[in-house]
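Topology and contacts: notes
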Amino acid sequence: MTLILKEDWIRMKKVLALLLAIGLMLGLSPALAEGKVFSFGGAMDDMDLIDVHKATSSGVLQGGIMVCEPLLALQPDGTLKPQLLAEMPTVSEDGKVFTCKLREDVYFHDGTQLTSKDVYFTLHRIFDPATANVNAWLCDMILGGQDMLDGKATELAGVTIQDDFNFTIELDYPYAPFNYILSCPQMLIYPQDACTAAGDTWGIDSFVGTGPFVFDTFVAKDSLHLVANENYYEGRPQIDEVYLYNLDRGTALMEFEAGSLDLVNMDPTYVKGYQEGEFAKNLVMSDLRGIIALNLNVAMPPLDNVKVREAVAHAVDQKAIVDSYLQGNGTAANSLITPSVAGYTDRPSFYNPEKAKALLAEAGYPDGIKLVNYVSETSSIAGIPVVLQEQLKASGIELEVNRVDSATYVSMRKEGSVQCPLLTWYADMPDPDNFTYTFFQSGNSKFFSSNWNDSLTDELLAKGRAMPAGEERTEVYKQIDQRLVAEEFVTVPLYNPVTYYLKSDKVEGIFFDGSMFHLDDAFFVE
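Residues numbered from 1 in each chain as written. Predicted model: local features only at pLDDT ≥ 70, side-chain atom pairs only at ≥ 80, totals over all residues. Heavy atoms only, no water.

**Here's the deal with the confidence of the model for the chain**
Predicted coordinates in regions of low pLDDT should not be interpreted in detail. What counts here: Values of pLDDT, which run from 0 to 100, indicate the predictor's confidence residue by residue. Should any heavy atoms of two residues lie within 4.5 Å, those residues are considered in contact.
On average, the chain scores 91 in pLDDT, and the residues at 70 or more come to 94%. The low-confidence segment residues 1-26, where pLDDT is below 50, has 30 contacts with residues more than four positions distant or belonging to other chains. For residues 29-33, every residue scores under 50 in pLDDT, and the model assigns this stretch 10 contacts once sequence neighbours within four places are set aside.

In structure tokens form, the structure reads like this:
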């Protein structure tokens, strides 16, 4: 498998710029038209649709949040504010009932008014098995949600409508960060009438929301075109049109340099070539509340042996990955939970190749083992398995690396059949539950190819979910992290990522929340 290294890319830029001017730039010609048109490009080949119930990828969620909105919104300072709600929910003394009041001045793009029935419809759709929602785990603490997923109920017991603008959401158990759940991009509110009428074309040919931009056209895996919502309840956005393009990283960078894109996500391995020179002023670095880790599929031998999994943990040099491959663009990680989130454990590195060899011998593999990795060829971390391949070799572990198209990879991972999948996670909310329950609760583990079905882990996860924020809850998540990372070695944390993007100096007011770009307040500098 041949990798294009950053040095090669830098040498190729001048040659490819001519091709860009002649050919590629023509492909983005709509974004060069008159008006305040914002163009955003990046690798989003999972963008088969923009229904946030059907995908976990950032490309889908990015398109979704510009058209639709959640009940609450995350602010730049990390606090929450009402979005579609008129005020923050009031919470019952037992922490289980959230009483909500909608704004009465919000209308969907088709002219229908937002009401409580649309909220009920959306939450019901999340749990309806017919939806095949891949994100239902995020809010499965809502009373009756799991019963719907299990086919035991057809109505959602936990949502009660009082009138057009007032409703309650009841939980199975207290869940301290539930307000953050209501702000997640997977929780966008859909209009009952338009979504029902669209059927299977929802998120492809039709997508109606309340947000600052209105759906115009969408071409799967290619582009999304939006126009300003002239009647937006918070005021018409200053940008007239938005184009979102799925482009490979090299092409996106060339398009930015040519002036045909205003915003580009960057692969950290390309950053060095932009830290000096013409575009240095456009380079923006942002910390991410995320984790990159190597999950170890306990259902696939020899990883069913805990000593083998421990050996893998001792064979990985996180610091070298950050210092050499990432050129310092990240922080070596030895905890599944990130440093800014409760439950984080600052433990020393396990890296010790000789101990890894000894553990393999103890496990019955004195001559080493072979493991197999699959990774999406367009993933921003597609080069990491090759780095791991070299590191593991020193401990007698052969890692076969296979690059496949994104659809194939996601399908294999969902089936639980990837032996050593890379976990790439940018938190939906600043809570340890989002880093643990999401991947290692028994009902979720197959989807992420860890297949970790452990009663003690499940018990601790359930306990942590039901506890109020505080030291006792933090200690529970430290126990969970210890079990997963340092006792059972189900996952090997690699690094906490940072992200870089190039932003045109013609545009200001963009808010990046750690995973999504928000253009509500963006404007072009005159």
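**Some thoughts on the packing of aromatic side chains**
Applied cut-off: For this analysis, a ring pair means two rings from Phe, Tyr or Trp (six-membered ring only for Trp) whose centres lie within 6.5 Å, classed as stacked if their planes differ by under 30 degrees, edge-to-face if by over 60, and tilted for the remaining angles. Helix and strand labels come from DSSP, where a helix needs a run of H or I of at least four residues and a strand needs a run of E of at least two; each type is numbered from the N terminus. Two conditions define a charge sitting above a ring: the NZ of Lys or the CZ of Arg must be within 6 Å of the ring centre, and it must be within 35 degrees of the ring normal.
Applying the stated criterion to the full structure yields 17 aromatic pairs. Judged by centre distance (5.7 Å) and plane angle (55°), the ring pair of Y501 and F512 falls under tilted. Remark: F512 occurs in strand β20 (residues 511-512) and Y501 occurs in strand β18 (residues 491-503); sequence separation between them is 11 residues. The ring of Y437 has R465 lying over it, and the distance from NZ or CZ to the ring centre is 3.4 Å.

**Side note on the packing of helix α13 (residues 433-440) against helix α16 (residues 471-487)**
For clarity, the threshold we go by: Angles here are taken between N-to-C directions and fall from 0 to 180 degrees, while the axes themselves are lines fitted to C-alpha atoms, restricted in helices to the stretch in contact. Small angles under 35 degrees read as roughly parallel and large ones over 145 as roughly antiparallel, with 65 to 115 read as roughly perpendicular and the rest as oblique. Crossings are sorted by hand: turned counterclockwise from the far helix by less than a right angle, the near helix makes the crossing left-handed, and turned clockwise it makes it right-handed. When residues are sorted by character, Ala, Val, Leu, Ile, Met, Phe, Trp, Tyr, Cys and Pro go into the nonpolar class, Asp, Glu, Lys and Arg into the charged class, and all the rest, Gly among them, into the polar class.
It is the contact of α13 with α16, at a shortest axis distance of 11 Å, that shows an interaxial angle of 45°. Considering their axes alone, α13 and α16 lie oblique with respect to each other. α16 is crossed by α13, and the crossing has left-handed handedness. Side by side, α13 and α16 meet where D433, T436 and F440 of the first sit next to R473, Y477, I480 and L484 of the second. Along the lines of polarity and charge, the residues of the contact of α13 with α16 split into 4 nonpolar, 1 polar and 2 charged.

**Examining the nonpolar core**
The criterion, for reference: Put simply, a nonpolar core is a bunch of buried Ala, Val, Leu, Ile, Met, Phe, Trp, Tyr and Cys residues held in one set by side-chain atoms that sit within 4.5 Å of each other. In this scheme, a residue with accessible area under 20% of its type's maximum is buried, one over 50% is exposed, and one in between is partly exposed, where area comes from a 1.4 Å probe on protein chains only.
Ranked by internal contacts, the top residues of the largest apolar core, which has 105 residues, are F38 and F178. With 6 residues, helix α3 (residues 116-127) is the single largest residue contributor to this core. Not counting the four nearest positions on each side in its chain, F38 is found in contact with I239, E241, V242, Y243, D262, L263, V507, I510, L519 and F524. Grouped together as the second largest cluster of nonpolar side chains are 33 residues, I292, A363, V387 and C420 included.

**Details of the pattern of salt bridges**
How we decide: The salt bridge criterion pairs a side-chain nitrogen of Lys or Arg with a carboxyl oxygen of Asp or Glu, the two atoms within 4 Å.
Under the criterion given, the structure shown has 24 salt bridges. In this structure, the salt-bridge partner of D431 is R473, at a minimum N-O distance of 2.9 Å. Note that D431 is positioned in the loop between β17 (422-426) and α13 and R473 in helix α16, a separation of 42 residues in sequence. Per residue, the accessibility class of D431 equals that of R473, and both read buried. For K503, the salt bridge identified is with E508, shortest N-O distance 3.6 Å. Via salt bridges that share partners, R309, D454, R483, E487 and E488 belong to a single interconnected network.

**Considerations on the side chain of S335**
Just so we agree on the cut-off: The term polar contact refers here to a pair of N or O atoms within 3.5 Å; inside protein, the definition further demands a hydrogen-donor-capable atom paired with an acceptor-capable atom, and it admits residues adjacent in sequence only when both atoms are side-chain atoms.
Topologically, S335 is positioned in the loop between β14 (330-332) and α10 (353-362). Given a relative accessible area of 1%, S335 falls into the buried group. Here I337 takes part through its backbone oxygen, which lies 3.2 Å from a polar atom of the side chain of S335. Of note is the side chain of S335, whose polar atom sits 3.4 Å from the backbone nitrogen of T345. Excluding anything up to four places from it in sequence, S335 contacts I291, Y344, T345, R347, D481 and P493.

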